[in-house]
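Fold and geometry: a report
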Amino acid sequence: MHAYHHIRLGESSAKVKNSFDELLPDPWLKAEDGIFRFRSYMQARAGREKYFDLCAAGEFFQTEKLNHYAGGIARKYPEIKKDVAEEVMNLVFRKLLPLLPDTTYNIGIHQIRITTDDRRPGYPAPEGIHKDGFKYIAIYCSEIENVTGGETTLIPNHDGGNDASTFKLHAGDAVIFNDVNYQHYTAAVVPLLPGKGYRDVFVITFDIEGEKQ
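Residues numbered from 1 in each chain as written. Predicted model: local features only at pLDDT ≥ 70, side-chain atom pairs only at ≥ 80, totals over all residues. Heavy atoms only, no water.

1. Thoughts on the overall build of the protein
Assigned secondary structure in the protein consists of two helices and 12 strands. Counting helices and strands in the order they occur from the N terminus, the protein gives β-α-β-β-α-β-β-β-β-β-β-β-β-β. The buried share of the protein, reckoned over its 213 residues, is 51%. A separation threshold of at least 6 residues defines the contact pool for the protein, and within that pool the share at least 24 residues apart is 80%. Surface summary for the protein: the accessible area is close to 10000 Å², and the carbon and sulfur share equals 52%. (Helix = DSSP H or I, 4+ residues; strand = E, 2+ residues; numbered from the N terminus. Buried < 20%, exposed > 50% of the residue type's maximum accessible area, 1.4 Å probe, protein only. Contact = heavy atoms within 4.5 Å. Areas by Shrake-Rupley, 256 points an atom, 1.4 Å probe, with all protein chains shown as cover.)

Below you can see the structure in the form of structure tokens.
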């Protein structure tokens, strides 16, 4: 896959949606930015012709070149609940893997809630326009509540944004793209109506097993 797909992945179950309420604050946010991101993590291994296997979460690491906000830190997050990760991986297995080359992948699953209120926006990508350092990336929206903003923009490497594509992901929508060929950014969210709001997503990363980026 050299480009991207914007697809309807399907609604999350009530169990998955409710699990976002239990996420803990991201400990790697900068203190001056406040608390706006809640996060958990899991790893998996999957191939199109095989059943997937969930793995221990381990540490998540990006270089400072890739992520000037939190790069260079071996980040550890609470593990996603097994039944939640299994539901997400079933969607990956049925609807995302068929869009990718037929091989075995090491997969990272990031469960993320971005919150906002009348005093402050929430930032899905505080690092700005970036790459994540994987082969493919999927962003799957589980639920949004009383927010506006949050559009995801893909910018091809070969231009300065002239051919950029922007997507508004609603609950059940996903975009999957080649992280090698694109930079991406997700805009801040603010309340649609006065009060609090949130945007719940799974960010899913794919690396080909045995291939280094």
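2. Comments concerning the sheet that holds strand β7 (residues 152–156)
The strand order across the open sheet built from three strands is β8-β7-β10, with neighbouring strands paired in antiparallel fashion. Of all strands in the sheet, those with a lone pairing partner are β8 (165–167) and β10 (182–186), marking the two edges. Neighbour to neighbour, the strand axes of the sheet diverge by 20° on average, direction disregarded. In terms of strand pairing, β7 meets β10 through five bridges, oriented antiparallel. (Pairing = 2+ DSSP bridges. Axes fitted to C-alpha atoms, helices over the stretch in contact; angles between N-to-C directions.)

3. Brief notes about the nonpolar core
With 31 residues, the main nonpolar core has Val 92, Ile 107, Ile 109, Phe 202, Ile 204 and Phe 206 as its most contacted residues. Those elements that place two or more of their residues in this core are β2 (37–47), α2 (82–96), β4 (104–116), β5 (136–145), β9 (173–178) and β12 (197–208). Here this core takes seven residues from α2, the largest share from any one element. In this structure, Val 92 is in contact with Leu 97, Pro 98, Ile 107, Ile 204 and Phe 206, ignoring residues within four places of it in sequence. One finds Phe 134, Ile 137, Val 147 and Phe 167 within the second-largest nonpolar core, a separate group that totals 17 residues. (Core = buried A, V, L, I, M, F, W, Y, C linked by side-chain atoms within 4.5 Å.)

4. Description of the pattern of salt bridges
As enumerated under the stated definition, the model contains 12 salt bridges in all. For Lys 17, the salt bridge identified is with Glu 11, shortest N-O distance 3.2 Å. A salt bridge links Arg 113 to Asp 21; its shortest N-O distance comes to 3.0 Å. Highlighted residues: Arg 113 in strand β4 and Asp 21 in the loop between α1 (14–19) and β2, separated in sequence by 92 residues. Salt bridges sharing common partners tie together Arg 8, Glu 11, Lys 17 and Asp 173. (Salt bridge = Lys/Arg side-chain N within 4 Å of Asp/Glu carboxyl O.)

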